[in-house]
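If you want the building blocks of each chain, they are given just below.
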Amino acid sequence: MSIAFPNESREYREAREALLQREADLQQLMESVAAQRKSLPPGGEVPEDYVFDRIGDDGAATTVRMSELFGDNDTLMLYHYMFPRHPGDVRPRPTSGIFSELPTDEGPCPSCTALIDMWDSTTPHFDGLGGNLAIVAKAPIERVAAFAHDRGWRHTRVLSAVNSNFRSDYGGDSAAGHPVPLLTVFKRSPDGTIRLHWASELMFVPPDDPWQNPEHPDTVEPLWTLFDLATSPRFRQWRVRHLPANW
């Protein structure tokens, strides 16, 4: 099947057809990688049933165990929210809201925040199809919950691992104690054993271009995907230094 749009040149059509073939090849490769990811053998068993801080239905701080987060699912996705942000992130703090006066190094990462903004509206659809995602920050739960409310997150489960080893055990905090925006997927077997299934370890692969932003969660970042379709490749460098909109 071939298509042509008004007033395009032969040069454009030939170049577009060549790109289209590469896009088709990439789609097949992505499907193959997804199948390989799905069929990974069992990972290591979690060393403990981690306890996270959360805000209960009564508005008071309480705790929840990792095993409880699964509910009726066999899969649990936990995103390591950079809150507080990496100390090397010099982008400005929020310009409005209750956290606009918080010291920059105590506030959340703006890129992580933009990602969760997008996930929040998707969560009802994701949960409705059996998805199970929660956000794990290092900041105290009262601060995380207050920020979530300020951002208008209505569907996102926010947790704190400030009193847990979870983030350091599973790559959310580096050896120096600095936050890392890792996405982790855990599986629970019928006997209740919980194991790591997959983590976005691409984060730790050095990029070819020193200015390139780590691309490990790109397939779940609609904002950057839209920009990559609409702008030049240099956007990948530009985005490292700039804030998402509405910050």
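Thresholds applied
- Residues numbered from 1 in each chain as written.
- Predicted model: local features only at pLDDT ≥ 70, side-chain atom pairs only at ≥ 80, totals over all residues.
- Heavy atoms only, no water.
- Helix = DSSP H or I, 4+ residues; strand = E, 2+ residues; numbered from the N terminus.
- Buried < 20%, exposed > 50% of the residue type's maximum accessible area, 1.4 Å probe, protein only.
- Contact = heavy atoms within 4.5 Å.
- Areas by Shrake-Rupley, 256 points an atom, 1.4 Å probe, with all protein chains shown as cover.
- Patch = residues over 30% accessible without salt bridge, like charges linked within 9 Å, V, L, I, M, F, W, Y side chains within 5 Å.
- Salt bridge = Lys/Arg side-chain N within 4 Å of Asp/Glu carboxyl O.
- Core = buried A, V, L, I, M, F, W, Y, C linked by side-chain atoms within 4.5 Å.
- Pairing = 2+ DSSP bridges.
- Right-handed = clockwise from strand over helix to strand, strands pointing away.
- Arc of directions from axis to C-beta.

Account for the overall build of the chain, naming residues and giving values.
In terms of helices and strands, the chain carries seven helices and seven strands. For the chain, buried positions account for 36% of its 247 residues. The contacts in the chain between residues at least 6 apart in sequence include a share of 61% that link residues at least 24 apart. In the structure as shown, the chain presents an accessible area of about 14,800 Å², 56% of it carried by carbon and sulfur atoms.

Lay out a nonpolar patch on the surface with the relevant residues and their values.
Side chains of Leu26, Leu29, Met30 and Val33 sit close together on the surface and give an oily, nonpolar patch of about 360 Å² of accessible area. Tracing the chain through its elements places Met30 in helix H1 (residues 10-38). Given the relative accessible area of 45%, Met30 is considered partly exposed.

I'd like a description of the nonpolar core, backed by residues and values.
With 24 residues, the main nonpolar core has Tyr79, Tyr81, Phe83, Trp119, Ile135, Val144 and Trp153 as its most contacted residues. Taken together, the elements giving at least two residues each to this core come down to strand S3 (75-80), helix H3 (110-128), strand S4 (133-137), helix H4 (141-151) and strand S6 (183-188). The residues contacting Ile135, other than those within four sequence positions of it, are Tyr79, Tyr81, Ile116, Trp119, Thr156, Arg157, Val158 and Leu159. Counting 18 residues, the second-largest nonpolar core is a separate cluster that includes Val64, Ala134, Val136 and Phe186.

I'd like a description of the pairing of strand S5 (residues 157-160), backed by residues and values.
Side-chain positions along a regular strand alternate between the two faces of the sheet. Relative to S5, S4 is paired through four bridges, and the arrangement is parallel. If you follow Ala137 over to S5, its bridge partner there is Ser160. Taking the sense of rotation as the criterion, the β-α-β connection linking S4, H4 and S5 turns out right-handed.

Let's hear about H4: which residues, and what values?
Of the positions making up H4, those classed as buried are Ile141, Val144, Phe147 and Ala148. The buried side chains of H4 occupy one side of the element, clustering within an arc of 130° when seen end-on. Lining the buried residues of H4 we find strand S1 (51-55), strand S2 (61-65), H3, S4 and S5. Positive backbone phi, approximately 85°, marks Gly152, located one or two places after H4.

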